[in-house]
Amino acid sequence: MIVAGIAQGIAFLPYTVGTGLNELNKGLLQANAVPLDDSYKATFGVSIDDKRVDQKSGEVKGKDGMYGQYRAEAIFEANRSLHRLLVSQGMPENEAKNYILTGNYRYAFTRNQILLAIVYRHPGEQAFRVAAKQTGIVTTFRPDQRGWYEPYERDVNGQAIDEVVDWVAMDYKSLRQEKVVATMMVLSVESIKSGKRSPDYWQVEGPWMAGETNEVMRQSQNRARTALSTT
């Protein structure tokens, strides 16, 4: 199931929540995917064999939780972790910085639902000018601003900004589990390595913003379920 799931990208992530750490790592190794150990090192600074890591749940003892906790700095740290993992797998650092983990948090706090996307950002770390997602106000965004970590198809001049590599709609609080975050990083890197693109994201973002989150969650689940049902 894990081998089939990896091919579905981060849409597979919710299906891994109940899988034990060792079982998940074995499946990733059998699939020749990025090892979970590499992801833990890049994301949390520890090996999965470290005594602080619970071998079943994947929890890192003594580590202050950041993800799934309504912390503004989480998206910044997640991107630093993603870039570290990409570089550890052999990608040049200047190329890794074109890949951005983005999050739409509009319903994270009220409905426990988040829309995540990995994008290839053509301008890299350069500032860009767009109509902001949350306000509609034309704004110049830079990497030190939260709005920079949302996907934008084009800038105010019609120039392409983001190509969506992969996306998932999921329960926000499940990101409180270190194992889930580490697996998200692995699946993200696998989608990037495969050259995947998911232009269907732009068709679900509008309904999500309009409040049709349950329908988008269902579509996200179906992206992985169809493939998994044949395994």
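Refer to the structure presented above.
Parameters at a glance
- Residues numbered from 1 in each chain as written.
- Predicted model: local features only at pLDDT ≥ 70, side-chain atom pairs only at ≥ 80, totals over all residues.
- Heavy atoms only, no water.
- Core = buried A, V, L, I, M, F, W, Y, C linked by side-chain atoms within 4.5 Å.
- Buried < 20%, exposed > 50% of the residue type's maximum accessible area, 1.4 Å probe, protein only.
- Helix = DSSP H or I, 4+ residues; strand = E, 2+ residues; numbered from the N terminus.
- Contact = heavy atoms within 4.5 Å.
- Pairing = 2+ DSSP bridges.
- Axes fitted to C-alpha atoms, helices over the stretch in contact; angles between N-to-C directions.
- Parallel < 35°, antiparallel > 145°, perpendicular 65-115°, else oblique.
- Left-handed = near helix turned anticlockwise from the far one by under 90°.
- Nonpolar A, V, L, I, M, F, W, Y, C, P; charged D, E, K, R; others polar.
- Salt bridge = Lys/Arg side-chain N within 4 Å of Asp/Glu carboxyl O.
- 1 Å grid on protein atoms, 1.4 Å probe; cavity = no way out; pocket = protein on both sides within 12 Å on 5 of 7 lines; lining within 4 Å.
- Points joined across faces, edges and corners; volume = space filled by probe spheres on them.
- Arc of directions from axis to C-beta.
- Phe/Tyr/Trp six-rings, centres within 6.5 Å; stacked < 30°, edge-to-face > 60°.

**Q** Would you take a moment to explain the nonpolar core for this structure?
**A** Core analysis: the biggest nonpolar cluster contains 71 residues, and Tyr40 and Leu175 have the highest contact counts within it. Per-element tally for this core: the top contributor is helix α7 (residues 178–193), with nine residues. Apart from the residues within four sequence positions on either side, Tyr40 is in contact with Leu21, Gly45, Val46, Ile48, Val53, Gly58, Val60, Glu178, Lys179 and Ala182.

**Q** Would you mind showing me how to read the pairing of strand β5 (residues 162–171) here?
**A** In summary, the side chains of a regular strand alternate between the two faces of the sheet. Taking burial as the measure, the ten residues of β5 include eight buried ones, the bulk of the element. When strand β2 (residues 113–121) meets β5, the two strands line up antiparallel, connected through nine bridges. Across the sheet, Val119 pairs through a bridge with Val164, a residue of β5.

**Q** Would you mind showing me how to read the packing of helix α3 (residues 36–44) against helix α4 (residues 74–88) here?
**A** A packed helix pair is summarised by two numbers, namely the angle formed by the two axes and the spacing between the axes. Close contact between α3 and α4 brings their axes to 8 Å; oriented N to C, the two are set at 135°. As far as their axial angle goes, α4 and α3 are oblique. Crossing angle aside, the handedness with which α3 passes α4 is right-handed. Across the interface between the two elements, Asp38, Ser39, Ala42 and Thr43 from α3 touch Ser81, Arg84 and Leu85 from α4. Looking at the contact of α3 with α4, its residues break down into two nonpolar, three polar and two charged.

**Q** I tried to follow the pattern of salt bridges on my own but got confused; where do I start?
**A** When the charged atoms of two side chains with opposite charge come close together, those side chains can pair. The full count for this structure, using the stated rule, is 15 salt bridges. The closest approach of N and O atoms between Arg52 and Asp50, which form a salt bridge, is 2.9 Å. In the salt-bridge network here, residues are joined through shared partners; they are Asp166, Lys196, Asp200 and Arg223.

**Q** Would you explain empty space enclosed by the protein in this entry?
**A** Gaps left between atoms show up when a probe the size of a water molecule is rolled over them. Tallied over the full model, the rule gives one cavity of 30 Å³ or more. Its volume calculated, the largest cavity comes out at about 110 Å³. For the largest cavity, the lining is made up of 13 residues, of which Tyr67, Ala74, Ile75, Tyr105 and Leu175 are closest to its centre. Contributing elements (two or more residues each) for the lining of the largest cavity: α4 and β2. If you tally residues by element for the lining of the largest cavity, the top one is α4, at three residues. Split into classes, the residues belonging to the lining of the largest cavity amount to eleven nonpolar, one polar and one charged.

**Q** It is not clear to me how helix α8 (residues 201–209) should be interpreted in this structure. Could you clarify?
**A** Since the α-helix turns once every 3.6 residues, residues separated by three or four places project in the same direction. All of the buried residues in α8 are Tyr201, Trp202, Val204, Glu205, Trp208 and Met209. Angularly, the buried residues of α8 cover 160° about the axis, an arc narrow enough to put them on a single face.

**Q** Would you explain the packing of aromatic side chains in this entry?
**A** Aromatic ring pairs are defined here through the distance separating the ring centres and the angle between the ring planes. Inspection of every chain in the model, using the stated rule, returns 14 aromatic pairs. Centre to centre, the rings of Tyr105 and Tyr172 are 5.9 Å apart; their planes meet at 80°, and the pair counts as edge-to-face. On the criterion of sequence distance, the pair formed by Tyr105 in the loop between β1 (99–104) and α6 (108–111) and Tyr172 in the loop between β5 and α7 is long-range, its members being 67 residues apart. According to the relative accessible area criterion, Tyr172 is buried, its value standing at 3%. Judged by centre distance (6.4 Å) and plane angle (65°), the rings of Trp167 and Tyr201 are edge-to-face. Taken as a pair, Trp167 in strand β5 and Tyr201 in helix α8 lie far apart in primary sequence, 34 residues in all.

**Q** Would you take a moment to explain the sheet that holds β1 for this structure?
**A** What holds strands together in a sheet is hydrogen bonding between their backbones, with the strands either parallel or antiparallel. Ordered in space as β1-β2-β5, the three strands form an open sheet in which the pairing is antiparallel. At either end of the open sheet lies a strand with only one pairing partner, and these are β1 and β5. Each strand axis lies, on average, 20° off the axis of its neighbour in the sheet, ignoring direction. Taken strand by strand, α7 contacts β1, β2 and β5, and its axis lies near 150° from that of β5.

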